[in-house]
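Geometric and topological summary
Chain by chain, the residues:
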Amino acid sequence: MRRCIYINDSDLTLDLYCDNRISNRKYTLLNFLPKNLWEQFSRFMNKYFLLIACLQLWPLITPVNPASTWGPLIFIFAVSATKEAWDDYNRYLSDKQANEKEVWVVKQGTRTRVQAQNIRVGNIVWLRENDEVPCDLVLIGTSDPQGVCFVETAALDGETDLKTRVIPSACAGITSELLHRIKGVIECPYPDKDIRRFDANIRLFPPFIENDLCPLTINNTLLQSCYLRNTEWACGVAVYTGNETKLGMSRGIPEPKLTAVDAMIDKLTGAIFLFQLVVVIVLGIAGNVWKDTEARKKWYVQYPNESPWYEFVVIPLRFELLCSIMIPISIKVSLDLVKSLYAKFIDWDEEMYDPDSGTHAHATNTGISEDLGQVEYILTDKTGTLTENKMIFRRCCINGVYYGNETGDALKDVELLRAVGCNCPEVIKFLTIMAVCNTVVPLKSKNGEVCYKAQSQDEEALVLAAGRLHMVLVDKTGNMLQVKFNALTLQYEILDTLEFTSDRKRMSVVVKDCQSGKIILLLKGADEAILPCACSGQQIRTFVEAVEQYSQLGLRTLCLAWRELTQDEYHEWSLLFKEASGTLVDREWKIAEVCQRLERDLEILGITAIEDRLQDGVPETIDILRRAGINFWMLTGDKQNTAIQIALSCNFISPEPKGQLLLIHGKTEEEVSRSLERVLLTMRITTSEPKDVAFVVDGWALEMTLKHHREAFTQLALLSRTAICCRVTPSQKAQLVELLKRCDYRTLAIGDGGNDVRMIQMADIGVGISGREGQQAARAADYSIGKFRFLKRLILVHGRYSYNRTAFLSQYSFYKSLLVCFIQIFFSFISGVSGTSLFNSVSLMAYNVFYTSIPVLMNVLDKDLHEKTVMQHAQILYYCQAGRLLNPSTFAGWFGRSLFHISTLSKRAKKAKKEHS
């Protein structure tokens, strides 16, 4: 499906698409009351309270004033509705501020200031430096002669580095005056929320260009909420507006997560309701029997001789109303109140403040704090989560020669410096790829120094290392790139960029050497994606050994390759690439197929090794959480050996002989099946031994396992406390979380990058780290922290506090309700089982609304919980009580205590009566 947008022609696009008004509101003035009531009455407890309140409107059966139930019910619903209305009003004010912001729009050939909400699809919008992009635009002009501009996308994807955006080739050379009168059509897909993809085409009408079709990608767009940086002006055509923008499609209020305590309360509420029905039926039968026998003998009881047919249900319904306080009406408000306070305690905790990034811990979801105290599995990313994500170039292997092995730093290796000074061809090619094959943007400061803005920390490390070795990336203007090597200035024209994807696992650029005129393909990527494409006759064993050696040291490796192209070969391939780039269906797959035709017969130049250090406190945090009975799984896209070394450093697993690693591997389904059966058998045998056993699986084997042997893998997951999953994709991370959730485990997922968002959202509890990869994971998570080490305090202190307090408050609420209800039941036998109320209406109303205020205050100011005790005995207390503070056995305890207190009160009453007589 596609849509056609006519540029600068309001007559053709008028009323076809929505305006640019943003709306994040959940309600309107008309639907607020019915929609809010529908949401509140979707829970069983509220339906029950409404039924009781309606029954009390029947004067014949109500033993108390209906206000005793209607008052608390209206008060509690009003509090919840007011909270929802206030939140929605704040969303309205935020929308109003964005909608009324003034922007420049071309109308009838002149620029006019209009409110952002009045932008229509097809309008040409002009932006100045530091302006916020008001809607999704296709870039058609900039102040830069090469048609380049820079944008900051932090509000969209959390990335703080600048991104390069370029105008499509069809708009090249059009002056700013002509942009006011430009005409054409843009063919683009229907709105979606994928911020990394935009498969469209643009065709300009004469006299600008003779109907030539030009493909558009995400690099030709300016998306809503981005900021224009380091560019005097830019203009673009509005393609998506309002809530149809990519950001608008991603908005929405997430569905609330149901905690384990809430689920248990719902189950107990249903159980209490069934018990209540039994009590009501027994008392109703007893009441009707007493009425027909003993009541007739009492002169003061005046029952009519003839009664309506439904009279036999009057007494049971009276007891239903009297016993309705078994389910406390105020428990919802009480729990919402204390849960909000628990979330604030996390926000106010100064011991979870990260001075490096200047961020506090923050609870985005205020309703699941007690689930932190019941976590059983933690699934964690590696890069940026366990490590610092500060990449440092350490070692390399060029043409079979190792550099940096002796000193631990290749940049100080005398042999490498000598090779650079002697202009060794292989070394020069190697450094050229490091400096050119990337998306790094060089920026010059006022004092002439060059700094770099990079989307990837690996690319920044490579460019900085190349600069230390005298291959300095100086300037990147449009398609022209300038590099200085010693006293020489080298210029390259970037012809095509074959972007990195998780499927290709490599990035390529096709450049033209402006000095020699040669066309060269430069590649960098994972070893399994590059080495199989080596030209026939080249020995790659040395490079395979280098990857193995560097991985065992815990270093991240990249393979660099080079290929020289002929003019005819490039032009033939370029036509295929242009055709694949212009398709609107399966564009990504077709581009990958065309790229594979070019990325072959490569000259492998060498391997880079980059160090990513562990964060402070990671091993200690993992150790204490594992001793607390929590299981850890590491999910990473890195190589197997690198992940294993990091796992050993982090105390995920113990080294031999205390620990044992079991590998699941294979190239075919049969090999993977045999490997899985062998690991599962070994795991069953070693479960009785005091040995730390973990399994390791890569992405390919995991895909085969989840597809064909899911049940066996689930059994393995139940037996294993530790797992290391390598080369996994974001979707596989989410699948593993879902698998553990189906086994009824409470899962916590933690990560720092955009590739961790699906995993974080899938887990029962999502924790995002505000790291160097941006804020995308932190914004999608329920909790955000500055460093991984704060997870210890988040779980063992805040999680345990919240769980203890919530369980105590829930127990207290049900216990008090049962106690008062049993008093009423015992009084019924004294009052002739007639359904007379022991309490007056005012006392009952005050009880329903305010009786939990004291326990709430005690709950928040609980002095019996000491942080040091919790931390010292976490491994005992956490695991033994997780999931056991609120369950059917505790319900039985409340019931027993209630009967005990009632029997005690009855004995005291009989004794007092005897003494009085």
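See the structure above.
Residues numbered from 1 in each chain as written. Predicted model: local features only at pLDDT ≥ 70, side-chain atom pairs only at ≥ 80, totals over all residues. Heavy atoms only, no water.

Further remarks concern a nonpolar patch on the surface. On the surface, a nonpolar cluster with roughly 420 Å² of combined accessible area is contributed by Trp 86, Tyr 89, Tyr 92 and Leu 93. Here Trp 86 is to be found in helix α4 (residues 67–99). (Patch = residues over 30% accessible without salt bridge, like charges linked within 9 Å, V, L, I, M, F, W, Y side chains within 5 Å. Areas by Shrake-Rupley, 256 points an atom, 1.4 Å probe, with all protein chains shown as cover. Salt bridge = Lys/Arg side-chain N within 4 Å of Asp/Glu carboxyl O. Helix = DSSP H or I, 4+ residues; strand = E, 2+ residues; numbered from the N terminus.)

A positive phi is found at Asn 423, a non-glycine position, where the angle reads about 55 degrees. As for its position among the elements, Asn 423 is in the loop between α12 (414–421) and α13 (425–436). Its relative accessible area of 45% is what places Asn 423 among the partly exposed residues. Residue Arg 727 is not a glycine yet carries a positive backbone phi of 55 degrees. Note on placement: Arg 727 falls in the loop between β30 (722–726) and α24 (730–742). Judged by relative accessible area, which is 18%, Arg 727 ranks as buried. (Buried < 20%, exposed > 50% of the residue type's maximum accessible area, 1.4 Å probe, protein only.)

The next point concerns the packing of helix α11 (residues 331–348) against helix α27 (residues 790–830). In the contact formed by α11 and α27, the axes pass within 11 Å of each other and the chain directions differ by 165 degrees. It follows that α11 is roughly antiparallel to α27 by the angle criterion. Regarding α11 and α27, the two cross each other, and that crossing is right-handed. Of α27, the residues touching α11 (which contributes Ile 331, Ser 334, Leu 335, Val 338, Tyr 342, Phe 345 and Ile 346) are Leu 794, His 798, Ser 802, Arg 805, Thr 806, Leu 809, Ser 810, Ser 813 and Phe 814. (Axes fitted to C-alpha atoms, helices over the stretch in contact; angles between N-to-C directions. Parallel < 35°, antiparallel > 145°, perpendicular 65-115°, else oblique. Left-handed = near helix turned anticlockwise from the far one by under 90°. Contact = heavy atoms within 4.5 Å.)

Okay, the packing of helix α17 (residues 567–582) against helix α18 (residues 587–598) next. As a packed pair, α17 and α18 sit with axes 8 Å apart at the nearest point and diverge in direction by 170 degrees. When the axis of α17 is compared with that of α18, the two are roughly antiparallel. For the element pair α17 and α18, the recorded crossing hand is left-handed. When α17 is examined against α18, the residues Trp 573, Leu 576, Phe 577, Ala 580, Ser 581 and Gly 582 are found in contact with a partner set consisting of Arg 587, Lys 590, Ile 591, Val 594, Cys 595, Arg 597 and Leu 598.

So, on to the packing of aromatic side chains. With the rule as written, the count across this model stands at 16 aromatic pairs. A centroid spacing of 5.7 Å and a plane angle of 85 degrees characterise the contact between Phe 695 and Phe 713, whose relative ring orientation is edge-to-face. Residue Phe 695 is found in strand β29 (residues 692–698), and its partner Phe 713 is found in helix α23 (residues 710–719); the two are separated by 18 residues along the sequence. Taken together, the ring pairs connect Tyr 377, Trp 633, Phe 695, Phe 713 and Tyr 745 into an aromatic cluster. Between the NZ or CZ atom of Arg 805 and the centre of the ring of Tyr 801, over which it lies, the distance is 4.7 Å. (Phe/Tyr/Trp six-rings, centres within 6.5 Å; stacked < 30°, edge-to-face > 60°. Lys NZ or Arg CZ within 6 Å of the ring centre and 35° of its normal.)

Pairing within the open sheet is antiparallel, and its four strands lie in the order β1-β8-β9-β10. Each end of this open sheet is capped by a strand with a single partner; those strands are β1 (2–7) and β10 (213–216). Between one strand and the next, the sheet's axes are offset by a mean angle of 25 degrees, whatever the strand orientation. The pairing of strand β8 (residues 184–189) with strand β9 (residues 200–204) spans four bridges and is antiparallel. Among the inter-strand pairings, Gly 184 is bridged to a residue of β9, identified as Leu 204. (Pairing = 2+ DSSP bridges.)

Before going further, it helps to spend a moment on the pairing of strand β23 (residues 506–513). Remark: a regular strand shows side chains that alternate across the two faces of the sheet. Extensive coverage of β23 is indicated by the burial of seven of its eight residues. Judged from the six bridges that link them, strand β22 (residues 488–498) and β23 form a sheet pairing that is antiparallel. Paired with Ile 494 across the bridge in β23 is Val 511. Where β23 lies against strand β24 (residues 519–525), seven bridges are found, and the strand directions are antiparallel. Bridge assignment links Met 507 to a residue of β24, and that residue is Lys 524.

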